[in-house]
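# Structural features, examined
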Amino acid sequence: MQFVVCGETDEAPLARELFRRHNPPIVLIGLRLYGADGIQLIKEFRSLNPAATILALSEDADAFSAQRVFRAGARAYLSVEDAPELLRAIEEISTGHAYVGASVLPLILSNFAAGTKNSRSSDINSLSDRELEIFSFIGRGVSVSELASQLHVSVKTIETHQMRMKEKLALHSAAELRQKAREWLARSAVNRIREDPESDKANGSRFCVGFRKSTFVASSAKDAL
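This report concerns the structure included in the present document. In this text, all values refer to a predicted model and were calculated from it rather than measured experimentally.

## Let's talk about the overall build of the protein chain
Looking only at helices and strands, one finds eleven helices and eight strands in the protein chain. Here the protein chain holds 225 residues, and 43% of them are scored as buried. Across the protein chain, the fraction of contacts at a sequence separation of at least 24, relative to all contacts at a separation of at least 6, is 65%. As displayed, the protein chain has an accessible area near 11500 Å², and 53% of this comes from carbon and sulfur atoms.

As structure tokens, then:
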């Protein structure tokens, strides 16, 4: 009973309400929530309570997402296949330590070792967190109208983000932007498979489960709902 769940939701507006209501010391945030980007939510929670300790959960291992997560203020990053490490991660971050899942650490070290030699990451790094979120959706083939609906913004807002991304990436059309996004997602998948060739076979159906939730963890039973 060291940790007790005091709230859980897959909707960003309710996540904000629960955070204000319970002020939990530990928060588990999925990177894909209804109504907001998980990384944006991390920033909001850290602004509301800098003492809150946040653990980010992702559908797959990605060194670039890990970088964004820690930059936003999280203390831990795990992928779906790191689920057995969850309690250990919570224990580590609750004592002030950072934590990275076993599936992610080799990717981070490889990315770090590559340094500035990997020129293709520099242009992607110029994208803001919101732009990168939209960029990844574009790479998955999500249309502008569908994306606007999922993110609860106007089509005009998505088009404005697309325009800025094309400027930053030196692209001239929406078709070039889609192709760039597809190539970036494909490279991310190839890098993950190179690190663990059996990962796709072993985890096939697990990636469809995902962590589309924010879970608020209290440090003692008295804080639970």
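Following the structure, the description resumes.
## What to know about the environment of Ala174
Assignment of secondary structure puts Ala174 in helix H10 (residues 174–195). Of the residues examined, Ala174 reaches a relative accessible area of 35% and is grouped as partly exposed.

## Considerations on helix H4 (residues 86–94)
Among the residues of H4, those classed as buried are Ala89, Ile90 and Ile93. Buried residues of H4, seen end-on, are gathered within an arc of 100° and therefore sit on one face of the element. Exposed and facing more than 90 degrees away from the buried side of H4 are Leu87 and Arg88. Looking at the buried residues of H4, the elements they touch are strand S2 (26–30), strand S5 (53–58), strand S6 (76–79) and strand S7 (99–100). Two residues or fewer past H4, Gly96 is found with a positive phi of approximately 95°.

## Some remarks on the pattern of salt bridges
All chains considered together, the criterion is met by four salt bridges. Between Glu44 and Arg16 there is a salt bridge, with the nearest N and O atoms lying 2.5 Å from each other. Of the two residues, Glu44 is situated in helix H2 (residues 38–48) and Arg16 in helix H1 (residues 12–22); the sequence distance between them amounts to 28 residues. Close ionic contact of Arg130 with Glu133 constitutes a salt bridge, the shortest N to O distance being 2.8 Å. Pair noted here: Arg130 and Glu133 are both in helix H7 (residues 129–139), with a separation of three residues, about one helical turn. Given a relative accessible area of 8%, Glu133 falls into the buried group.

How each quantity is defined
Residues numbered from 1 in each chain as written. Predicted model: local features only at pLDDT ≥ 70, side-chain atom pairs only at ≥ 80, totals over all residues. Heavy atoms only, no water. Helix = DSSP H or I, 4+ residues; strand = E, 2+ residues; numbered from the N terminus. Buried < 20%, exposed > 50% of the residue type's maximum accessible area, 1.4 Å probe, protein only. Contact = heavy atoms within 4.5 Å. Areas by Shrake-Rupley, 256 points an atom, 1.4 Å probe, with all protein chains shown as cover. Arc of directions from axis to C-beta. Salt bridge = Lys/Arg side-chain N within 4 Å of Asp/Glu carboxyl O.

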